[in-house]
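# Descriptive structure summary
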Amino acid sequence: MECVWKPDEQGLQQILQLLKESQSPDTSTQRSVQQRLEQLNQFPDFNNYLIFVLTKLKSEDEPTRSLSGLILKNNVKAHYQNFPNGVSDFIKRECLENIGDSSPLIRATVGILITTIASKGELQNWPELLPKLCLLLDSEDYNTCEGAFGALQKICEDSAEILDSDLLDRPLNVMIPKFLQFFKHSSPKIRSHAIACVNQFIISRTQALMLHIDSFIENLFALATDEEPEVRKNVCRALVMLLEVRLDRLLPHMHNIIEYMLQRTQDQDENVALEACEFWLTLAEQPVCKEVLCGHLSQLTPVLVNGMKYSEIDIIMLKGDIEEDEAIPDNEQDIRPRFHRSRTVAQQHEGDGIEDQEDDDDDELDDDDTISDWNLRKCSAAALDVLANVFRDDLLLHLLPFLKELLFHPEWVVKESGILVLGAIAEGCMQGMIPYLPELIPHLIQCLSDKKALVRSITCWTLSRYAHWVVSQPPDIYLKPLMTELLKRILDSNKRVQEAACSAFATLEEEACTELVPYLAFILDTLVFAFNKYQHKNLLILYDAIGTLADSVGHHLNKPEYIQMLMPPLIQKWNQLKDEDKDLFPLLECLSSVATALQSGFLPYCEPVYQRCVNLVQKTLAQAMLYQSQPDQYEVPDKDFMIVALDLLSGLAEGLGGTIEQLVARSNILTLMYQCMQDKMPEVRQSSFALLGDLTKACFQHVKQCIADFMPILGTNLNPEFISVCNNATWAIGEISIQMGPEMQPYVAMVLHQLVEIINRPNTPKTLLENTAITIGRLGYVCPQEVAPMLQQFIRPWCTSLRNIRDNEEKDSAFRGMCTMITVNPGGVVQDFIFFCDAVASWVNPKEDLRDMFYKILHGFKNQVGEENWRRFSDQFPMPLKERLATFYGV
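### Focus on the overall build of the protein
Of regular secondary structure, the protein possesses 50 helices and 0 strands. Along the first, second and third principal axes, the C-alpha atoms of the protein reach 105 × 70 × 65 Å. Sorting the 891 residues of the protein into buried and exposed places 57% on the buried side. Accessible surface for the protein amounts to roughly 39600 Å². Of this, 51% is attributable to carbon and sulfur atoms. Separation of charge centres in the protein, based on 78 positive and 125 negative side chains, amounts to 1 Å.

Here's what the structure looks like:
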């Protein structure tokens, strides 16, 4: 007979006392409780006391008993491998015996404890757990059945993968059919657990579920109108996931499912409505969307629009009744971490202003990030946005009739939702909206001065979604009034409006570019005034608006009066911030844009900024070394400081050109770069290669002595797994070639093979292809004998990737290289000559001597093949190509 563990009375009282104290709100009490708990962990049977309080000590109040179980759960998480066998067996036995406790709180706590033990790799070492829980499901006692199901649901959530593996002899083959039986159970709580358990296995297409998929779907339909919201929510969640993985099984029932989801999207219970609303987002991604949904658009549109109104709870959470809060400091927890986007070097294309960055995530509807939780409003708006992209102007037919009523509605909540609708459809329905914009834009500009802050803030966002159109019209009609009003909103007395206005203004800057030049003084006035007005969080967004302004107007910013307005407040902040303050990130990014725009105008500020950046890099590298040698003694350094500093140095090199030479000469930046180029973190390498290219252009005399060390590292980084690293390394190699000239010869073999491989890779991003082609051309320009023999391997992708970029220095040197290589190896181009002709025709104004090179090659080829063959060859040309070559080169 085994001896049963019994607690010592005095020990028990001590632990109860501790549990009572730990419920005190006082932080110093909390701290001493933490320390005593740590001490008690030294005693092997401390955990026996904890489980005893949870399961046996019915005289205590439930919160205390549950707390005891939660402390035990944390111990299991941290130290389970050190529990003596006797202790872990005692805990497991007590858990299984008390899973049916009459208190829901205690049952749930025991369930959490069970899944924590199970997920510590104990599913294998606790073979009786799953069979026992499945057996308890059949218990006549409701509490036992519910407790066992609660525990099983948590295990399915935490250990789905291992349940579906051979490690455990595939228990799901038994469990899933078992769960399906409970879909019809009389208790709503049990029905809900049963669906939730099965739902864990849909996305992974678990075999055991796929065998029973039809009966699963049938059972779901049977529960469609269950009176319990939790059950309806789980039914909706299941259907949304099935849409992704087993569309084939849902298609026969699609009409009914859509009708059902329409109903659920209007469910009284917001959680059910939110799950159902996800259905439209998921459906929009399926190719069948248009076909199955077109007949339901007229019903769906008003439902989504209705879901876009703020609920009463949203308004309370958003403090929507507080109009003026600009003087209230921000709560530091509300400030989300910012991610620095490292520098990537890209080409400009025909017909675009500033390079279109691939970040069209218009912070979709992030207008209310204090409840950044996903809610029905955001989900409905996102669904309308994706559906607008699927149905385009067909969606407008259903929207227009009531859009006007919304936009002019007397109740602000309704009007606000109408403005949100207008912004949500901007991308997908742009064409169809154009006729209405001359009337709508002025109305929206008026809404910018609405008396409700939440209306003003959403209007900022919606107007930014139409910025592209506004900028395409004569500036006096829309751009000027829009800009004037947005600048007033930047100085709004409400923080949410300030934020929305700053973001919207940054979007407008990107679209308008140099159109803003006439208004610069006026714009800077406002932005600088905001500096002294803003609380912490919006200050970070203001930096972004200033940086974007500099990117958009470029050298037009370089006027003494503008510099005088802008630089003092920026430098004042720069001096206030300590080296370990993360607010440096956005400020450094902003200064990088400003330095590039101001060029020589930045000289007076250059030295201290340069010095500090070098120090930040040095500090971070030193910290990384310490951490590597003694990880237990030192903290992991935040390498973002180094990345942002490298990027600002690039901005300085680009803006100041040769004048940066003395600063480089007096610092150890090249030694630091040599370390950064070998860092484990791709973003660090990416930024250091961008800086290498910029310093190569600015002051090659200092870079030259390191080329023998740098080139092998560049060669090993031509790995397209890391697109941006590879892109910047490629670009730097091209810049170095131009500076080295024929002395590049010993290094060609280190890089050429990889470059040719990358240019021939399928699915390579456009930017990388273009930079690769330019660098191959530049290598061929300085070392034609080394590169020309491989001409045939890259001529075709080379021509197709460079035909779309604008005439510029880089394109010029690349084409000179190509012409030189063709002269060395004319045979390499014969088969693909039509591609070369097309690439030549893409030039608008080549320099005189480059045009001569083109002329010689085209006429040389024509003379080589003879008049008759040339005519047959040029008959394959599309008309525009034929005409261009005839006009410019007389062939």
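Moving on, there is more to tell.
### Examining the side chain of Q153
With respect to the secondary-structure elements, Q153 resides in helix α8 (residues 142–158). Ignoring any residue separated from it by four or fewer positions in sequence, one finds Q153 in contact with H193, A196 and C197.

### Digging into the pattern of salt bridges
Using the criterion set out here, one finds 45 salt bridges in the structure. E227 is the partner of R191 in a salt bridge, and the nearest nitrogen-oxygen pair spans 3.5 Å. Taken together, the residues R191 in helix α11 (residues 188–199) and E227 in the loop between α13 (213–222) and α14 (229–245) connect sequence positions 36 residues apart. By relative accessible area, R191 is classed as buried at 7%. Residue E227 is classed as exposed on the basis of its relative accessible area of 61%.

### With respect to the environment of H702
Tracing the backbone shows H702 in helix α39 (residues 700–704). The buried category is assigned to H702, whose relative accessible area is 15%. Those residues in contact with H702 that sit more than four places away from it in its chain are E661, V664, A665 and L670. Here E661 takes part through its side chain, which lies 2.8 Å from a polar atom of the side chain of H702.

### A closer look at the environment of L137
Among the structural elements, L137 can be located in the loop between α7 (129–136) and α8. With 45 residues separating them along the chain, L137 and F182 place their C-alpha atoms 9.0 Å apart. Apart from the residues lying within four places of it in its own chain, the contact partners of L137 are C145, A148, F149, L152, K178, F179 and F182.

### Side note on α8
Taking 1.5 Å as the rise per residue, α8 with 17 residues should run 24 Å; its terminal C-alpha atoms sit 24 Å apart, in good agreement. Burial analysis of α8 places 13 of its 17 residues in the buried class, which makes it a mostly covered element.

### Focus on a negative patch on the surface
A surface patch of like charges, here negative, comprises E510, E511, D544 and D551. Among the secondary structure elements, those contributing two or more residues to the negative patch are α29 (495–512) and α31 (536–553). Overall, the relative accessible area of 32% leaves E511 in the partly exposed class.

### Description of the nonpolar core
With 314 residues, the main nonpolar core has F216, W280, F602, F794, W798 and F836 as its most contacted residues. With 11 residues, the single largest contributor to this core is helix α35 (residues 640–656). Those residues in contact with W280 that sit more than four places away from it in its chain are I258, M261, L262, T265, L293, L300, L304, A383 and L387. Counting 5 residues, the second largest nonpolar core, distinct from the first, contains I315, L318, V413 and L454.

### Re the packing of aromatic side chains
Under the counting rule described, the total for this entry stands at 24 aromatic pairs. For the pair F585 and F641, a centre-to-centre distance of 4.8 Å together with 65° between the ring planes defines the contact as edge-to-face. With a gap of 56 residues between them, F585 in helix α33 (residues 584–598) and F641 in helix α35 connect regions that are remote in the sequence. Take F641: its relative accessible area is 9%, and that puts it in the buried class. For the ring pair W870 and F873, a centre distance of 5.5 Å and an interplane angle of 55° mean the geometry is tilted. Within this pair, W870 and its partner F873 are both found in helix α49 (residues 867–874), separated by 3 residues, close to a single helical turn. In terms of burial, W870 and F873 fall into one category: buried. These aromatic residues form a ring-pair network of at least three members: W798, F815, F833, F836, W843, F854, F861, W870, F873, F877, F888 and Y889. The ring of W574 carries R612 above its face, with NZ or CZ at 4.8 Å from the centroid.

### Quick look at unusual backbone geometry
In this model, R205 sits at a positive phi of 50°, which is unusual for a non-glycine residue. Looking at the element boundaries, R205 is found in the loop between α11 and α12 (207–211). A residue is classified by how much of its surface remains accessible, and R205, at 48% relative accessible area, is partly exposed. The residue N763 is not glycine, and still its phi comes out positive at about 60°. Inspection of the secondary structure puts N763 in the loop between α42 (748–759) and α43 (766–782). Taking relative accessible area as the criterion, N763 reaches 77% and is therefore assigned exposed.

### Brief notes about helix α38 (residues 682–698)
If you check α38, its first and last C-alpha atoms are 24 Å apart, about what 17 residues at 1.5 Å a residue would give, namely 24 Å. Most of α38 sits out of view: 14 of its 17 residues are buried.

### As for the side chain of S687
Within the secondary structure, S687 is located in helix α38. At 2.9 Å, the side chain of S687 and the side chain of D647 are in polar contact. Contact partners of S687, with chain neighbours within four places excluded, come to S342, R343, I643, L646, D647 and S650.

### Some thoughts on the packing of helix α28 (residues 479–490) against helix α30 (residues 520–533)
As a packed pair, α28 and α30 sit with axes 9 Å apart at the nearest point and diverge in direction by 15°. When the axis of α28 is compared with that of α30, the two are roughly parallel. Here the hand of the crossing between α28 and α30 comes out left-handed. Across the interface between the two elements, M483, T484, L487 and I490 from α28 touch F522, I523, T526, L527 and A530 from α30.

### A closer look at the confidence of the model for the protein
When the pLDDT values of the protein are averaged, the result is 90; 96% of them are 70 or greater. Predicted confidence is poor over residues 352–371, with pLDDT under 50, and the contacts of this stretch with residues over four places away or in other chains come to 45 contacts.

### Concerning the environment of A839
For A839, the location among the structural elements is in helix α47 (residues 833–841). Look at A839 and you get buried, because its relative accessible area is 0%. For the pair A839 and L881, spaced 42 residues apart in the sequence, the C-alpha separation amounts to 9.8 Å.

### Some words on the packing of helix α32 (residues 560–576) against α33
Where α32 contacts α33, the axes come no closer than 11 Å and their chain directions differ by 150°. In this view, α32 runs roughly antiparallel relative to α33, as classed from their interaxial angle. Where α32 crosses over α33, the handedness of that crossing is left-handed. Counting all contacts with α32, which are made through I563, L566, M567, L570, K573 and W574, the residues of α33 involved are L584, L587, L588, C590, L591, V594 and L598.

Conventions we followed
- Residues numbered from 1 in each chain as written.
- Predicted model: local features only at pLDDT ≥ 70, side-chain atom pairs only at ≥ 80, totals over all residues.
- Heavy atoms only, no water.
- Helix = DSSP H or I, 4+ residues; strand = E, 2+ residues; numbered from the N terminus.
- Buried < 20%, exposed > 50% of the residue type's maximum accessible area, 1.4 Å probe, protein only.
- Areas by Shrake-Rupley, 256 points an atom, 1.4 Å probe, with all protein chains shown as cover.
- Lys, Arg positive; Asp, Glu negative; His and termini not counted.
- Charge placed at Lys NZ, Arg CZ, Asp CG, Glu CD.
- Contact = heavy atoms within 4.5 Å.
- Salt bridge = Lys/Arg side-chain N within 4 Å of Asp/Glu carboxyl O.
- Polar contact = N/O pair within 3.5 Å; in protein donor to acceptor, adjacent residues only side chain to side chain.
- Expected span 1.5 Å × (residues − 1).
- Patch = residues over 30% accessible without salt bridge, like charges linked within 9 Å, V, L, I, M, F, W, Y side chains within 5 Å.
- Core = buried A, V, L, I, M, F, W, Y, C linked by side-chain atoms within 4.5 Å.
- Phe/Tyr/Trp six-rings, centres within 6.5 Å; stacked < 30°, edge-to-face > 60°.
- Lys NZ or Arg CZ within 6 Å of the ring centre and 35° of its normal.
- Axes fitted to C-alpha atoms, helices over the stretch in contact; angles between N-to-C directions.
- Parallel < 35°, antiparallel > 145°, perpendicular 65-115°, else oblique.
- Left-handed = near helix turned anticlockwise from the far one by under 90°.
- pLDDT = per-residue confidence, 0-100.

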